[in-house]
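One-letter residues, chain by chain:
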Amino acid sequence: MIKAILIFNNHGKPRLSKFYEHYNEDIEQQIIRETFHLVSKRDENVCNFLEGGLLIGGSDNKLIYRHYATLYFVFCVDSAESELGILDLIQVFVETLDKCFENVCELDLIFHVDKVHHILAEMVMGGMVLETNMNEIITQVDAQVKMERSEAGIAGAPARAVSAVKNMNLPEMPKNINIGDISIKVNLLLQRL
Amino acid sequence: MALKIVKGSIDRMFDKNLQDLVRGIRNHKEDEAKYISTCIDEIKQELKQDNIAVKANAVCKLTYLQMLGYDISWAAFNIVEVMSSSKFTYKRIGYLAASQCFHEGTDVIMLTTNQIRKDLSSPNQYDTGVALTGLSCFVTPDLARDLANDIMTLMSHTKPYIRKKAVLIMYKVFLKYPESLRPAFPRLKEKLEDPDPGVQSAAVNVICELARRNPKNYLSLAPLFFKLMTSSTNNWVLIKIIKLFGALTPLEPRLGKKLIEPLTNLIHSTSAMSLLYECVNTVIAVLISLSSGMPNHSASIQLCVQKLRILIEDSDQNLKYLGLLAMSKILKTHPKSVQSHKDLILQCLDDKDESIRLRALDLLYGMVSKKNLMEIVKKLMLHVDKAEGTTYRDELLTKIIDICSQSNYQYITNFEWYISILVELTRLEGTRHGHLIASQMLDVAIRVKAIRGFAVAQMAMLLDSGHLLTGNMQRNGICEVLYAAAWICGEFSEHLDDPMQTLEAMLRPKVASLPGHIQAVYVQNAAKLFATVLQKHEGATDSQAAQDTSQLLIERLPLFVQSANLEVQERASCILQLVKYIQKLQQKDVEVAEEVSALFAGELNPVAPKAQKKVPVPEGLDLDAWINEPPSESESEDEKPKAVFAKEEPKQSRARHIEVDEKELARRREARKQEQANNPFYIKSSPSSQKVYQDAPGVEHIPVVQIDLSVPLKVPGMPMSEQYLKLEEERRQKERADKKKKDKKKKKREKRGKGKRDDSGPESEEDITPAHQVDIVTEEMPENALPSDDDDKDPNDPHKALDIDLDKPLADSEKLPVRTHRREVLKSPEEDGDQDGITQEAKRRSSKEKKEKDRKSKEEEKKKKKKKHKHVVEEEPPEPLSEEPVQSEESAEVAAPPTSTSAEASDLDFWLSSAPVPPPIKEALAPKTSVAAAPDSEPDVPKDAEPDEEKSLKNKKKKQKKEKDEKKKKKRHHHHHHHGDGGGGDSVQNGTVEEEEEEEPLPPMSNYCLLAENSYIKMVYDIQGNLQDGSQVVVSVIFENKSNSFLKSMEFNVLDSLNSKLQRPEGASPHDGLVVPFQLPPGVSNEARFVFSVQSIVMPQKLKGTLTFIVKSEDSSTHEKLDFKLHFTCTSYLITTPCYSDAYAKLLESGDLKSSSLKLEGLNMPFHHLLARICFHHHFSVVERIDSCASMYSRSIQGHHVCLLVKTANQTVSIDAKCDEPSLLANVLDEIKQTFSQC
């Protein structure tokens, strides 16, 4: 089981938090902080597994994370999950984000956290891995986006225009904070998925 | 009015959306909290509006704020409103918010039940999907109960997208509503063979998750998972299954034996590291469960260790970490194989990655031996020096102690060395583990009598040196050591050279700064030392020294009398008075030493930590009984008005209670005394035996004090542990030399015959004798200790409720509650909802059926069948199979109840015992001749490498036979009954072979047929279609070495035809053979798989091939070859696929199928045997069976449907068949005919 999925940046600012067990908001923030603390002090090129996240229960649990440019993707899982499998899952997740946002960068995650949630929902459900095939995930996500568009129809047009105008006032809107090198070595699992 | 609406919608355009909110927060970095609070106010306004779009937008923003740590539970009702929007866009926003913040305590959650139900049955698959996803996060017991049935229906949805989500969410439902597990399980099991890989994977996921917690209930699924494991190519599924097997093998060692082979094959063949790693892990689990080092498994261990070494040596830190992790599992059972990689592991201790260092430390634990312990600990001590960061250093410290103390100090040959190590460790700054070191010191000093002299000397030095006292509060942890030091010095004070000096050290004013509990020990042990000093001076007429000692105590103790700590104060004042009294006596020249030391007489025995718990409860003692009458309800009610009116009555009644109690108490007190008298573990006042110590040989080389300031860990005035290394080496060398001398002498005496005696090379473990004649006192246990109690399970574990036997047939009452129109006021779900549920369900079904009937009323007959059939499924599960659950193999073996569940159990047994090797199969095919006929006369003669397995097989067979008889009897009985009923319940749906078993056990069958054979080797093979790839079949060939020589370099080659080709690795020419990935020692068999691609599957065909191999005997090796013909029957292109009767009916009606038929005459076998044979040999499944008529279905790898209608009457079987490919059908029918002509 996956207990929680957290994304935060190099400064510990949460970009997505998904807990598959209920905690109240304060404890959630505490967990995010603690996890950030644990993960951020690790060097690059050390292993991606960490034992002893104190807050998300028990010794059975492990933190499995990957660091991409400005973002940490952290999965807290128990012993039923395969460590390398989860690493690959993170990779699939990031690649899927990359496809869905076309060159994903931290800003995409900041402004469209709902979309990220929807994409994640096609991969992991209630703490269990639902789908690992990237094409399948993207197909489902796209189909839902299409549905949303068709529902918005003409009514949605003015809103979109307005948001375009709003974005025009943002000269400093950076476009290319790319999430970086996502072609991290994948443990060959993907090749056969 | 209209204007207002327009205005509203224009306003709305300028409402903040999520992006604006985020942007705003980013622009208000300095006063973020304030900005957000204004935003929340805006959101509250927005939520008050009627427009759902505005609300949805607000909820969307709230979801973001929730992530930042703001509580949004106040908006729960608005979230529900948004969830119930008809637009997918808003619905999704609502469900997302709900999944982030709803939980069991959210009260509005009960309002959602109907909305969710509506969404679940929505025609739009994404509505359903979103509802399922949301529900998976906030499902409550109530929701689970109310929606379980709806979700179960979704498990058979037409869209795989919904199916997989429904399957997955069932796990959550089970957790919240355990009653649903049994009714839903059959369908879940079915989904393991779903055509969609995603659904299949979800089902595997759920079952693995369930089985991990309660593995024994899922043992019966092992054959199914085994099949999946060998056929699936999805690595995710494989990993899950392999992990599951890892959990199952400890329960069933035979399963492990069966697994080893396919797992090793996977290890060899897979290129995915994750899969390889999990395989290795499970092989390790298997090896652990087999425990006894069976000779033929050493290869597997070697393989694992070798693969792990590759992982550890990899530059990828992740692989290194996992390699070490898995290595530590092997270590527990096969330490030898890991020990050879000591170099590698020690190397990992220097890794820059802390996770890896910790893992390596874990491994060290098992790598030590008597030989290398000192060396390893020395290395660790160096690391302790270097380590930065206290956590890692503390970890090192605990590991050093763990390593040394493991299994009762098994590996310590020199306890002086160990004490020195402990003393050195006290130099650690700021460790939290002072108490660990202390308890080790105590343990060693108490249990190793020979070391006491040395230990006391060391402890006296610790007390004396005072370096532990000087530190500030940070070093608090380490001062625990003084606790041990003081106690040891006091308790074993007779070993002290200068007790006076130690006494003085213990009474220094600085001691008062120590924690209270340590001071208390100081005071108490000062008294013990005092007694020793007195005794020492008694004989020597020197009364002055004794009096000086008393004076010292009288001067120093008041300091402790003032202590704020109660314990210290009490002890100090007590002892102070005692000493004053003694001083008075001394002044009168009275001999007091004897009496004073009597205060501390008696020896302490080490008692096992669990000893107290294990004292059995004596007969007649009820620990749960009330000692006093429980306070009655009325009494507590009386409590309040007591002040108003005090009555006489209660008083009287209470007095009566007391009387009773006193009698009872007296009785119990007596019993307790009796008990204490009989119990050796109550410290009795009887004078104990004098403390007798053997003189420790070797104590004479207590090392000379050596001061070297460059060594940081050195305690001044303390011996260095390192010296022991040298000493030990010398000692061993000497011993070896001595031994050699002796050996030589012996040899001379024995006339040095027998050729070469292997030079003992590196000394073996046993050669190392401990330096001291050490007797490690074992910990005491009560004589009649209870067997180990292992209920360490967490009572709050939600999975405990899921420990449900799944093999037991469903009872009528076990139904998922179904919604009724009027839901009665809360009743218990099982009893009541069920009754309703059944009728309701039945009604619904029948009305549905009626409609159908109207629509196409042609095939009345069929409809009836279907109806009947549905009936059966809904109301009663296939005939009650058993009354008793199959717990595990043991229970079946012990009691083999005459119920037919044991049929299922023996199914598993059969599957487990018949390895895919020919000999057992042969045996199985003729059970009566070879096994049942074999009497018990020669069961003890070990014929085989695995005699006990064979034996158990035999036993099983016998049991099966017995069961058969009993079952037959029962069956006959049953049949009578059954005819009376009118024969309704006999139909079987989607039955596979197992379910048929209930009638009469089938003769065991095998699909393996002979491929070729010569004097060296025998090959049998089976062909299976590949579910994932429509153009491939897998040929499994079992090679059996029949010769006495080693067979190696086997190469399997086939002459490809236009239609069928052997799949060769890339780059190989079409004439190259495939190397068989193993070698065969004499008498061993192993299985290899070869993939063939085929184009057309409508015709059977034969392929010619050759197997070449090298026969290697002791002196020569020869090339041999064996020709064979692989026969691809059309049957082998068929895959067992379950089919529902309605789908089947539709298929037949579609008219696309061509028909053909077949008659078999003079067939004398029960109908269900016939069906089972068709199922087994030709990969069909039974769709429906009514009396002597059955419909069957199968599908080819290329998707051709094959339908059979099998009827039997008077030994004649007629098979009507339909298929969309006539020539395929004709061939299949031919093959069926052939099968039955053989028997």
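Residues numbered from 1 in each chain as written. Chains lettered and ligands numbered in written order. Predicted model: local features only at pLDDT ≥ 70, side-chain atom pairs only at ≥ 80, totals over all residues. Heavy atoms only, no water.

Looking at the overall build of chain A
Now for step 1: Along the backbone of chain A there are 6 helices and 7 strands.
Now for step 2: Walking chain A from its N terminus toward its C terminus, one meets helices and strands in the order β-β-α-β-β-β-α-α-α-β-β-α-α.
Now for step 3: A buried classification covers 58% of the 193 residues belonging to chain A.
Now for step 4: Across chain A, every contact between residues at least 6 apart in sequence was considered, and the portion connecting residues at least 24 apart equals 57%.
Now for step 5: A total of about 8000 Å² of accessible surface is found on chain A, and carbon and sulfur atoms cover 53% of it. (Helix = DSSP H or I, 4+ residues; strand = E, 2+ residues; numbered from the N terminus. Buried < 20%, exposed > 50% of the residue type's maximum accessible area, 1.4 Å probe, protein only. Contact = heavy atoms within 4.5 Å. Areas by Shrake-Rupley, 256 points an atom, 1.4 Å probe, with all protein chains shown as cover.)

A short note on the overall build of chain B
Now for step 1: Of regular secondary structure, chain B possesses 48 helices and 16 strands.
Now for step 2: Relative to its full complement of 1239 residues, chain B shows a buried share of 48%.
Now for step 3: Taking as baseline every contact in chain B between residues at least 6 positions apart, the subset at least 24 positions apart corresponds to 70%.

Section: helix 8 (residues 125-138) of chain B
Because each turn of an α-helix spans 3.6 residues, side chains separated by three or four positions in sequence point in the same direction.
Residues and elements named next belong to chain B.
Now for step 1: For helix 8, spanning 14 residues, the distance from its first C-alpha to its last is 20 Å, which sits close to the expected 20 Å at 1.5 Å a residue.
Now for step 2: Of all 14 residues in helix 8, 13 are buried; the element is thus mostly enclosed.
Now for step 3: Where helix 8 starts, the residue carrying a side-chain oxygen 2.8 Å from the main-chain nitrogen of Tyr 126 turns out to be Asn 124. (Expected span 1.5 Å × (residues − 1). Polar contact = N/O pair within 3.5 Å; in protein donor to acceptor, adjacent residues only side chain to side chain.)

Brief notes about the packing of helix 16 (residues 273-290) of chain B against helix 17 (residues 298-313) of chain B
All names here are of chain B.
Now for step 1: For the pair helix 16 and helix 17, interaxial distance at closest approach is 10 Å and the crossing angle is 140°. Handedness of the helix 16/helix 17 crossing: left-handed. Along its contact with helix 16, which presents Met 273, Leu 276, Tyr 277, Val 280, Val 283, Ile 284 and Leu 287, the element helix 17 presents Ser 300, Ile 301, Cys 304, Lys 307, Leu 308 and Leu 311.
Now for step 2: Residue composition of the contact of helix 16 with helix 17, by class: 11 nonpolar, 1 polar and 1 charged. (Axes fitted to C-alpha atoms, helices over the stretch in contact; angles between N-to-C directions. Left-handed = near helix turned anticlockwise from the far one by under 90°. Nonpolar A, V, L, I, M, F, W, Y, C, P; charged D, E, K, R; others polar.)

Looking at the packing of aromatic side chains
Now for step 1: Summed over the entire model, instances satisfying the criterion amount to 21 aromatic pairs over all chains.
Now for step 2: Between A:Phe73 and A:Phe93 the ring centres are 5.9 Å apart and the planes differ by 85°, which places this aromatic pair in the edge-to-face class. Remark: A:Phe93 occurs in helix 2 (residues 83-101) and A:Phe73 occurs in strand 5 (residues 71-77); sequence separation between them is 20 residues. Of the two residues, A:Phe73 and A:Phe93, neither departs from the other in class, the shared state being buried.
Now for step 3: On the basis of an interplanar angle of 65° and a centroid distance of 5.6 Å, the ring pair of B:Phe102 and B:Phe138 is categorised as edge-to-face. Here B:Phe138 lies in helix 8 and B:Phe102 lies in the loop between helix 6 (88-101) and helix 7 (113-120), a separation of 36 residues in the sequence.
Now for step 4: Ring pairs connect the aromatic residues A:Phe8, A:Phe36, A:Tyr65 and A:Tyr72, which therefore count as one cluster. (Phe/Tyr/Trp six-rings, centres within 6.5 Å; stacked < 30°, edge-to-face > 60°.)

Digging into the interface of chain B and chain A
Accessible area lost upon the coming together of the parts serves often as the stated size of an interface.
Now for step 1: At the junction of the two partners, chain B supplies 72 residues and chain A supplies 68 residues.
Now for step 2: Taken together, both faces of the contact between chain B and chain A bury some 6600 Å²; the carbon and sulfur share is 55%.
Now for step 3: The largest contributions to the chain B side of the interface with chain A come from B:Met67, B:Arg92 and B:Trp236, which together make up 12% of the buried area.
Now for step 4: Summed over the shared surface of chain B and chain A, the result is 8 salt bridges.
Now for step 5: Taken together, the links from chain B to chain A amount to 31 residue pairs in polar contact (both at pLDDT 80 or more).
Now for step 6: Per-class residue counts for the side of chain B that touches chain A are 31 nonpolar, 20 polar and 21 charged. (Buried area = accessible area lost by both parts, 1.4 Å probe. Salt bridge = Lys/Arg side-chain N within 4 Å of Asp/Glu carboxyl O.)

Observations concerning the sheet that holds strand 10 (residues 1117-1128) of chain B
Residue and element names in this part refer to chain B.
Now for step 1: Sheet architecture is open: 4 strands sit in the order 7-5-9-10, paired in antiparallel fashion. At either margin of the open sheet sits one strand with a lone partner, and together these are strand 7 (1074-1075) and strand 10.
Now for step 2: Relative to strand 10, strand 9 (residues 1101-1112) runs antiparallel, the two being bridged by 12 bridges. Across the sheet, Ile 1110 pairs through a bridge with His 1119, a residue of strand 10. (Pairing = 2+ DSSP bridges.)

Thoughts on the pattern of salt bridges
Now for step 1: Within this structure, the stated rule accounts for 41 salt bridges over all chains.
Now for step 2: As a salt-bridge pair, B:Arg23 and B:Asp20 come within 3.2 Å of each other at their nearest N and O atoms. Highlighted residues: B:Arg23 and B:Asp20, both in helix 2 (residues 18-27), separated by 3 residues, approximately one helical turn. No difference in accessibility class separates B:Arg23 from B:Asp20, as the two residues are buried.
Now for step 3: Through salt bridges with shared partners, one network takes in A:Asp78, B:Glu209, B:Arg212 and B:Arg213.

Focus on the side chain of B:Glu46
Residue and element names in this part refer to chain B.
Now for step 1: By the secondary structure assignment, Glu 46 is in helix 3 (residues 32-48).
Now for step 2: In this structure Glu 46 comes out as buried when scored by relative accessible area, which is 5%.
Now for step 3: For Glu 46, the residues in contact, after removing those within four places along its chain, are Asp 15, Val 54, Lys 55, Asn 57, Ala 58 and Lys 61.

Things to note about the sheet that holds strand 4 (residues 1032-1041) of chain B
Residues and elements named next belong to chain B.
Now for step 1: As summarised here, the arrangement of the 5 strands in space is 2-3-4-8-6, forming an open sheet in which the pairing is antiparallel. The sheet is open, and its two edges are formed by strand 2 (1009-1013) and strand 6 (1060-1062), each paired on a single side. Averaged over all adjacent pairs, the angle separating strand axes in this sheet is 30°, with direction ignored.
Now for step 2: The sheet contact formed by strand 3 (residues 1017-1025) and strand 4 spans 9 bridges and is antiparallel. Considered in strand 4, the bridge of Asp 1022 is made with Ser 1036.

As for unusual backbone geometry
Trans peptide bonds make up most of the peptide bonds, and negative phi angles are found at most residues other than glycine.
Residues and elements named next belong to chain A.
Now for step 1: With a phi angle near 55°, Glu 102 is a residue other than glycine that sits in the positive phi range.
Now for step 2: Within the fold, Glu 102 resides in the loop between helix 2 and helix 3 (106-111).
Now for step 3: Residue Glu 102 is classed as exposed on the basis of its relative accessible area of 66%.

Overview of the environment of A:Val39
Residues and elements named next belong to chain A.
Now for step 1: Along the polypeptide, Val 39 turns up in helix 1 (residues 25-40).
Now for step 2: Overall, Val 39 belongs to the buried group, its relative accessible area being 0%.
Now for step 3: C-alpha of Val 39 to C-alpha of Arg 66: the two residues are 27 residues apart in sequence and 9.5 Å apart in space.
Now for step 4: When near neighbours in sequence (up to four residues on either side) are disregarded, Val 39 contacts Leu 50, Tyr 65, Tyr 72 and Val 74.

Some thoughts on the environment of A:Gln140
Now for step 1: You can see A:Gln140 is positioned in helix 5 (residues 134-168).
Now for step 2: Distance from A:Gln140 to A:Glu122, taken between C-alpha atoms, is 7.5 Å for residues 18 residues apart in sequence.
Now for step 3: Contact partners of A:Gln140, with chain neighbours within four places excluded, come to A:Glu122, B:Tyr126 and B:Tyr161.

Things to note about empty space enclosed by the protein
Now for step 1: Considering all chains together, one arrives at 11 cavities of 30 Å³ or more under this definition.
Now for step 2: Along its surface, the largest cavity is lined by 21 residues, and A:His117, A:His118, A:Ala121, B:Leu96 and B:Thr133 are the ones closest to its centre.
Now for step 3: Secondary-structure elements contributing two or more residues to the lining of the largest cavity are helix 4 (113-121) and strand 6 (124-125) of chain A together with helix 6 and helix 8 of chain B.
Now for step 4: A per-element tally of the lining of the largest cavity places helix 8 of chain B first, with 5 residues.
Now for step 5: The residue inventory of the lining of the largest cavity, partitioned by class, reads 9 nonpolar, 8 polar and 4 charged. (1 Å grid on protein atoms, 1.4 Å probe; cavity = no way out; pocket = protein on both sides within 12 Å on 5 of 7 lines; lining within 4 Å. Points joined across faces, edges and corners; volume = space filled by probe spheres on them.)

Notes on a nonpolar patch on the surface
Now for step 1: Taken together, B:Phe77, B:Met110 and B:Leu111 make up a surface patch of nonpolar side chains, about 340 Å² in accessible area.
Now for step 2: You can see B:Phe77 is positioned in helix 5 (residues 76-83). (Patch = residues over 30% accessible without salt bridge, like charges linked within 9 Å, V, L, I, M, F, W, Y side chains within 5 Å.)

Some details on the pairing of strand 16 (residues 1212-1219) of chain B
Consecutive side chains of a regular strand alternate in pointing toward one face of the sheet and then the other.
Residues and elements named next belong to chain B.
Now for step 1: As defined by bridge partners, strand 12 (residues 1154-1160) adjoins strand 16 across 7 bridges and the pair is classed as antiparallel. Residue pairing across strands places Leu 1158 opposite Ile 1215, the latter belonging to strand 16.
Now for step 2: With antiparallel pairing between neighbouring strands as the criterion, strand 15 (residues 1201-1209) and strand 16 make up a hairpin whose turn holds 2 residues, including Asn 1210 at a positive phi of roughly 45°.

So, the confidence of the model for chain A
All names here are of chain A.
Now for step 1: In this model, chain A carries an average pLDDT of 80, and 75% of its residues clear a pLDDT of 70 or more.
Now for step 2: Of all the helices and strands in chain A, helix 6 (residues 189-192) carries the lowest mean pLDDT, 38, while strand 6 carries the highest, 94.
Now for step 3: Here residues 183-193 scores under 50 on pLDDT; set against residues more than four positions off or in separate chains, the count is 35 contacts. (pLDDT = per-residue confidence, 0-100.)

Focus: the pairing of strand 15 of chain B
Residue and element names in this part refer to chain B.
Now for step 1: In this sheet, strand 15 lies alongside strand 14 (residues 1189-1196) in antiparallel orientation, the contact comprising 7 bridges. Residue pairing across strands places Ser 1191 opposite Leu 1205, the latter belonging to strand 15.
Now for step 2: Where strand 14 folds back on strand 15, the antiparallel hairpin that results is connected by 4 residues, among which Gly 1199 adopts a positive phi of roughly 90°.
Now for step 3: Pairing of strand 15 with strand 16, which is carried by 8 bridges, proceeds in the antiparallel orientation. Its bridge partner lying in strand 16, Cys 1203 is registered against Lys 1218.

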